[in-house]
Amino acid sequence: MKNLMKKSLLFGVLAVTAVYLTGCGEEPYELETNERAIIVNYAAHIVAKYNTKQPEGYKYVFVPEEEEEEPPVEEEEETVEEETTEESTETGEDEPEQQKDPEETTLTQALGIPGVTAVFTGAQLVDQYETVIPEQGNVLAVLHVTLQNQTDKSVDCDILSRKPIFLAKVNQTEKVTAELTLLMNNLGTYQGVIGAGESVETIIMLQLDAQKVTSIDQLEMSITSGEQRSKVVFL
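Residues numbered from 1 in each chain as written. Predicted model: local features only at pLDDT ≥ 70, side-chain atom pairs only at ≥ 80, totals over all residues. Heavy atoms only, no water.

Asker: Hey, could you run me through the nonpolar core in this one?
Answerer: Note that soluble globular proteins tend to have their nonpolar side chains buried in a common cluster. Within the largest apolar cluster, 33 residues are counted, with the highest numbers of intra-cluster contacts made by Leu 147, Ile 204 and Leu 206. Of all the secondary structure elements, the ones that give two or more residues to this core are α4 (107-111), β1 (116-126), β2 (138-149), β3 (155-158), β4 (165-170), β7 (199-209) and β8 (219-225). The biggest single contributor to this core is β2, with five residues. In contact with Leu 206, not counting residues within four places along its chain, are Val 139, Leu 140, Ala 141, Leu 143, Ala 168, Val 170, Val 176, Thr 177, Ala 178 and Glu 179. Counting eight residues, the second largest nonpolar core, distinct from the first, contains Tyr 129, Leu 140, Val 142 and Met 205. (Core = buried A, V, L, I, M, F, W, Y, C linked by side-chain atoms within 4.5 Å. Buried < 20%, exposed > 50% of the residue type's maximum accessible area, 1.4 Å probe, protein only. Helix = DSSP H or I, 4+ residues; strand = E, 2+ residues; numbered from the N terminus. Contact = heavy atoms within 4.5 Å.)

Below you can see the structure in the form of structure tokens.
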């Protein structure tokens, strides 16, 4: 019964379409594109409605009317503006001054403690100094510095407040920053009162590659304290 209904409906659609196309003895009417699309969509709708094997059912396909073709939009040419940087000599602006190497000075002047003279007395390479042990493969370089009070009054020697940074250059090749330790005689963190005519023994400690440094033949130090930067040659 269902098959008969399907066939009847399909036949009816085709018949109506044929009559519409041929007319009654008149010359066949030529359909426009959108008219043909309407008939095709309608026929497809009827068939799909009774087609149980088509779960998605009828899908409408829109066929737009013929539109005038729009002229292609010409892409605007991108213009790249090349920015030219004028040299400072042309603009009259001064170039930033390059950082200059500090002039060579003494350890006493670099530390800048009034009334106190700092004297380097020697260096040694050790595997351990008191409680300080170097990292594996390294060795400790201990630089001995004596602080002498050359006045007839006690001097409050507060190097810690100056926060000096010691950057050493050993044998013209190895560059290292001095170790920060909790030792009371560490020069970079020393605080104490030195009596008139008295002296205090302090140290600067470095950690060096044991394979590269087996002796200290040349030694110079860059000391930075605030905005002041000094160069001191120890050996």
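Asker: Just to check I follow, could you spell out the sheet that holds β2 for this structure?
Answerer: Strand pairing within a sheet occurs via backbone hydrogen bonds; the two strands may be parallel or antiparallel. Spatial ordering of the open sheet is given by β1-β2-β7, a layout of three strands whose pairing is antiparallel. In this open sheet, the two edge strands, each paired with only one partner strand, are β1 and β7. Geometrically, the sheet is characterised by an average inter-axis angle of 20° between neighbouring strands, direction not taken into account. With 10 bridges connecting them, β1 and β2 associate as antiparallel partners. Counted as the bridge partner of Phe 120 is Val 145 from β2. (Pairing = 2+ DSSP bridges. Axes fitted to C-alpha atoms, helices over the stretch in contact; angles between N-to-C directions.)

Asker: Hey, could you run me through the environment of Met 184 in this one?
Answerer: By the secondary structure assignment, Met 184 is in the loop between β5 (174-177) and β6 (191-194). Overall, Met 184 belongs to the exposed group, its relative accessible area being 75%. Between the C-alpha atoms of Met 184 and Ile 203, which are 19 residues apart in sequence, the distance is 9.7 Å.

Asker: Would you mind showing me how to read the sheet that holds β5 here?
Answerer: The four strands are arranged β5-β4-β8-β9 in an open sheet whose pairing can be described as antiparallel. Each of the sheet's edge strands pairs with one partner strand only, and the pair in question is β5 and β9 (228-233). Averaged over neighbouring strand pairs, the angle between their axes works out to 15° when direction is ignored.

Asker: What's the story with the confidence of the model for the protein in this structure? I'm lost.
Answerer: The predicted coordinates of low-pLDDT regions are not to be read in fine detail. On average, residues of the protein score 77 in pLDDT, and 58% of them reach the 70 mark or higher. Taken as a whole, residues 19-24 scores under 50 in pLDDT and shows eight contacts with residues more than four places along the chain or in a different chain. Scored below 50 in pLDDT, residues 76-82 makes zero contacts in the model with residues more than four places away or belonging to other chains. (pLDDT = per-residue confidence, 0-100.)

Asker: Would you mind showing me how to read the environment of Thr 177 here?
Answerer: With respect to the element layout, Thr 177 can be found in strand β5. Taking relative accessible area as the criterion, Thr 177 reaches 45% and is therefore assigned partly exposed. For Thr 177 and Met 221, which are 44 residues apart along the polypeptide, the C-alpha to C-alpha distance reads 9.5 Å. Setting aside residues no more than four positions away along its own chain, Thr 177 makes contact with Ile 165, Phe 166, Leu 167 and Leu 206.

Asker: In this structure, what is going on with empty space enclosed by the protein? I would like to understand it.
Answerer: Picture a little ball the size of a water molecule; that probe, rolled over the atoms, points out where space is still empty. Across all of its chains, the model carries one cavity of 30 Å³ or more by this definition. Estimates place the volume of the largest cavity at around 40 Å³. For the lining of the largest cavity, the elements supplying multiple residues, two or more each, are α4 and β8. Residues of the lining of the largest cavity, tallied by class, amount to five nonpolar, one polar and one charged. (1 Å grid on protein atoms, 1.4 Å probe; cavity = no way out; pocket = protein on both sides within 12 Å on 5 of 7 lines; lining within 4 Å. Points joined across faces, edges and corners; volume = space filled by probe spheres on them. Nonpolar A, V, L, I, M, F, W, Y, C, P; charged D, E, K, R; others polar.)

Asker: Is there a simple way to explain the side chain of Gln 207 in this structure?
Answerer: Structurally, the position occupied by Gln 207 is in strand β7. Judged by relative accessible area, which is 14%, Gln 207 ranks as buried. Polar side-chain contacts of Gln 207 include one of 3.2 Å to the side chain of Asn 138. Beyond its immediate sequence surroundings of up to four residues, Gln 207 is in contact with Pro 134, Glu 135, Asn 138, Val 139, Leu 140, Val 176 and Glu 179. (Polar contact = N/O pair within 3.5 Å; in protein donor to acceptor, adjacent residues only side chain to side chain.)

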